[in-house]
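What follows is each chain in one-letter form.
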Amino acid sequence: MRPKRALLATATLAVAGALTVGMTLAMAPSASAGTTLRAAAAEKGRYFGAAVATGKLSTSTYTTILNREFNSIVAENEMKWDATEPQQGRFSYTGGDRIVSHAQANGMSVRGHALLWHQQEPGWAQGMSGSALRSAMINHVTQVATHFRGKIYAWDVVNEAFADGGSGGRRDSNLQRTGNDWIEAAFRAARAADPGAKLCYNDYNTDGVNAKSTGVYNMVRDFKSRGVPIDCVGFQSHLGTTIPGDYQANLKRFADLGVEVQITELDVMTGGNQANIFGTVTRSCMAIPQCAGITVWGVRDCDSWRGSDNALLFDCNGNKKPAYDSVLNALNAGPGNPTTTPPNPTTTPPNPTTTPPNPTTPPPGGAGCSASVSLNSWTGGFVATVKVTAGSSGTRGWTVSVTLPGGTSVTGTWSATASGNSGTVRFTNVDYNGALGAGQSTEFGFQGTGSAAGVTPTCTAS
């Protein structure tokens, strides 16, 4: 979600340093008990990672925990399409490179997140379709994967392409409308650009055996049968106060297809069951030899996109929570892992992610504009995706107003500027997504605490 999130880029080691770290991880004795998450995971041939934002790398409490506890990192947003290609054909890698450099300096591998996602597309791509979009999409995958070649352990090549609900089918998006083979085309382009990186499909609400996870399962099975290059499947695992009883069985059925499984964006709502759920996820991964590692989506509670859920392993002061001990104990108690190759540290920064909301089609607009909202909600919070569609006259700019229920507040916004954070909040376009031709659409999103159920956005064009 995301925005993802989500859901969290592990990078491959650089030359001799990489070989040394890789051998250390693979050959570390399993008899000793690790005293940090990274040590305990490495002793068992796995990684334990965190999603990172470059803006927080100057915060000492944050970096102290990050460097001590994690041997893998993924960028929250810096490697996404809007960050890496803000204008067509003009690429920017500053944020991603910084994350990779931090990883290399601290013996960490990097997961790449994400090459293609229907959210956080740059404005120029949002207005494209058909063969033009397909060409731009493949070029983006090729250019970004080539830039980071040899530095990324595993790429989330495609993120959140399946719909929620009972259909088990694909999500409608401009990418999907380029043709049903778009995911396959993306994986083939990524393999050509970086043959050494593991290539993953990543999604949310796939933690148990359900229609959505089965849709993904069927795609992976098809890809494997036809030689489409897919190496791993990422399970975001943004969890509430319960965990599916078939969580481990679901991971195993994917592993049995011959792919690596990874927990990519783990966070768990605070409460009496938090430590137990974190422990259950960790034990489930440790029980499956093909589970390469776990990434939590953030470092401290106050760094989490989930706000007051306090969904991570450390509080804002850097103190370990009971969930930390649960995870560490599960790592130390788990078996060694001879079947996966531990990732090697890297040299370039990954990109932060926002967790996954679900788009909808807005009602047709008149001369002005119209807006619709879709929600990804949990107890105490939500992510909202708003789709803005221009009417018959197009727009030079737009403002969307949303009246939130009492007790609900906005904690973060992307692809728009928010005025206020409670009551009636007005979201205004940013510089790249204000001008829309007749019938064209763009999306922005916001996350918040409380409930946004029943909110109705209204759009005004200028």
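Whatever comes next refers back to the structure up there.
Now for a look at the structure at hand. (Residues numbered from 1 in each chain as written. Predicted model: local features only at pLDDT ≥ 70, side-chain atom pairs only at ≥ 80, totals over all residues. Heavy atoms only, no water.)

1. Looking at the pairing of strand β2 (residues 47–52)
Here is step 1: In terms of burial, β2 is a largely internal element, six of the six residues being buried.
Here is step 2: When β2 meets strand β10 (residues 291–296), the two strands line up parallel, connected through four bridges. Directly across from Y47, in β10, lies its bridge partner G293.
Here is step 3: Where β2 and strand β3 (residues 72–75) come together, four bridges link them in parallel fashion. By the bridge assignment for β3, A50 is matched with I73.
Here is step 4: Handedness of the β-α-β unit built from β2, helix α3 (residues 60–69) and β3 comes out right-handed. (Buried < 20%, exposed > 50% of the residue type's maximum accessible area, 1.4 Å probe, protein only. Helix = DSSP H or I, 4+ residues; strand = E, 2+ residues; numbered from the N terminus. Pairing = 2+ DSSP bridges. Right-handed = clockwise from strand over helix to strand, strands pointing away.)

2. Section: the pattern of salt bridges
Here is step 1: The tally for this structure, following the rule as stated, stands at 17 salt bridges.
Here is step 2: Between K56 and D303 there is a salt bridge; the shortest N-O distance is 3.4 Å. Residue K56 is located in the loop between β2 and α3, and its partner D303 is located in the loop between β10 and α12 (322–333); the two are separated by 247 residues in the primary sequence.
Here is step 3: For K56, a relative accessible area of 25% gives the class partly exposed.
Here is step 4: A salt bridge links D309 to R306; the shortest N-O distance between them is 3.0 Å. The exposure classification of D309 matches that of R306, with both residues buried.
Here is step 5: Overlapping salt bridges bring together E184, R188, D222 and R226 as one network. (Salt bridge = Lys/Arg side-chain N within 4 Å of Asp/Glu carboxyl O.)

3. Some points on the state of the cysteines
Here is step 1: Applying the stated criterion across every chain, the model contains four disulfides.
Here is step 2: Disulfide partner of C200: C232, at an S-S distance of 1.9 Å. One quick way to see it: the torsion about the S-S bond of C200 and C232 is about -85°, and its sign makes the bridge left-handed. With C200 in strand β6 (residues 198–203) and C232 in strand β7 (residues 232–235), this pair connects stretches of sequence that are 32 residues apart. The exposure classification of C200 matches that of C232, with both residues buried.
Here is step 3: Disulfide partner of C302: C316, at an S-S distance of 2.0 Å. Taking the sign of the S-S torsion, 85° for the link of C302 and C316, the bridge is right-handed. Taken as a pair, C302 in the loop between β10 and α12 and C316 in the loop between β10 and α12 lie far apart in primary sequence, 14 residues in all.
Here is step 4: We classify C302 as partly exposed; its relative accessible area is 39%.
Here is step 5: Listing the disulfide partners of the chain by sequence rank of the bonded cysteines yields 1-2, 3-4, 5-6, 7-8. (Disulfide = S-S within 2.5 Å.)

4. So, the packing of aromatic side chains
Here is step 1: As enumerated under the stated definition, the model contains 12 aromatic pairs in all.
Here is step 2: When the centroid spacing of 6.0 Å and the interplanar angle of 10° are considered together, the rings of F91 and Y93 count as stacked.
Here is step 3: Between Y93 and F148, the aromatic rings sit 5.6 Å apart at their centres with planes inclined by 85°, giving edge-to-face as the arrangement. Of the two residues, Y93 sits in the loop between α4 (81–84) and α5 (94–105) while F148 sits in the loop between α7 (130–147) and β5 (152–159), which places them 55 residues apart along the sequence.
Here is step 4: Looking at F148, the relative accessible area reads 0%, which means it is buried.
Here is step 5: Every member of this aromatic cluster is reached through a ring pair, and the members are F91, Y93, F148 and W155.
Here is step 6: Geometry around Y204 places K212 over its ring, the cationic atom sitting 3.6 Å from the centre.
Here is step 7: Above the face of the Y217 ring, R253 is positioned so that its terminal group lies 4.8 Å from the ring centre. (Phe/Tyr/Trp six-rings, centres within 6.5 Å; stacked < 30°, edge-to-face > 60°. Lys NZ or Arg CZ within 6 Å of the ring centre and 35° of its normal.)

Interpretation in functional terms is not warranted from these geometric data alone.
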